[in-house]
Amino acid sequence: MHAAIGDRLHVHSRTVGLAENIGEILEVRGSEGAPPYLVRFLDGHEGLVYPGPDSAVEHPERPILPRQSSMRESSSAR
């Protein structure tokens, strides 16, 4: 499995009735795009993920979550 920053991690549910998890890859900590990945999921939580066989990396054209502005950007806008 190989990913880049901005790719999506789609974790499929292994149980009927449970929701699937989709998140944006914020950091790739393995070599050459390998896991682990720091992921921000749609509900806002972030975690370090070692994807299993029920996961897939998707390469979207745009991020699924809005970028959070940094403190430097917000203070310079004043």
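Because the structure is a prediction, the values reported are computed rather than measured.

K.L.:
Got a sec to walk through the overall build of the protein? Specific residues and values, please.
P.N.:
The secondary structure content of the protein amounts to one helix and five strands. Beginning at the N terminus, the succession of helices and strands in the protein can be written as β-β-β-β-β-α. Split into buried and exposed, the 78 residues of the protein put 31% on the buried side. The contacts in the protein between residues at least 6 apart in sequence include a share of 44% that link residues at least 24 apart. Carbon and sulfur atoms make up 51% of the accessible area of the protein, which totals about 5,600 Å².

K.L.:
Which residues make up the sheet that holds strand β4 (residues 46-49), and what values go with them?
P.N.:
As summarised here, the arrangement of the five strands in space is β4-β3-β2-β1-β5, forming an open sheet in which the pairing is antiparallel. Strand pairing shows two members of the sheet lacking a second neighbour, β4 and β5 (55-58), which therefore form its edges. Between one strand axis and the next, the sheet turns by 35° as a mean value, whatever way the strands run. Where strand β1 (residues 8-11) and β5 come together, four bridges link them in antiparallel fashion. In the strand pairing of β5, His10 is matched with Ala56.

K.L.:
Residues and numbers for the nonpolar core, please.
P.N.:
With nine residues, the main nonpolar core is built from Ala3, Leu9, Val11, Ile25, Tyr37, Val39, Phe41, Val49 and Val57. Counting residues per element, this core draws most heavily on strand β3 (residues 37-41), which supplies three residues. If we ignore the near neighbours within four places in the chain, the residues touching Ala3 are Ile25, Val28, Gly33, Tyr37 and Val57.

K.L.:
With reference to specific residues and values, describe the confidence of the model for the protein.
P.N.:
Looking at the protein, pLDDT values average 83 and 78% of them are 70 or higher. Least confident of the elements in the protein is helix α1 (residues 71-76), whose mean pLDDT is 44; most confident is β3, at 97. Low pLDDT, under 50, characterises residues 69-78; the stretch is placed with zero contacts to residues that sit more than four places away or in other chains.

K.L.:
Describe the pattern of salt bridges, with residues and values.
P.N.:
Counted by the stated rule, this structure contains three salt bridges. Salt-bridge contacts for Arg29 lead to Glu27; the nearest nitrogen and oxygen are separated by 2.9 Å. You can call Arg29 partly exposed: its relative accessible area is 47%. When its relative accessible area of 34% is taken as the criterion, Glu27 is described as partly exposed. When the shortest N-O distance is used, the salt bridge between Arg40 and Glu46 registers 3.1 Å. Given a relative accessible area of 43%, Glu46 falls into the partly exposed group.

Conventions we followed
- Residues numbered from 1 in each chain as written.
- Predicted model: local features only at pLDDT ≥ 70, side-chain atom pairs only at ≥ 80, totals over all residues.
- Heavy atoms only, no water.
- Helix = DSSP H or I, 4+ residues; strand = E, 2+ residues; numbered from the N terminus.
- Buried < 20%, exposed > 50% of the residue type's maximum accessible area, 1.4 Å probe, protein only.
- Contact = heavy atoms within 4.5 Å.
- Areas by Shrake-Rupley, 256 points an atom, 1.4 Å probe, with all protein chains shown as cover.
- Pairing = 2+ DSSP bridges.
- Axes fitted to C-alpha atoms, helices over the stretch in contact; angles between N-to-C directions.
- Core = buried A, V, L, I, M, F, W, Y, C linked by side-chain atoms within 4.5 Å.
- pLDDT = per-residue confidence, 0-100.
- Salt bridge = Lys/Arg side-chain N within 4 Å of Asp/Glu carboxyl O.

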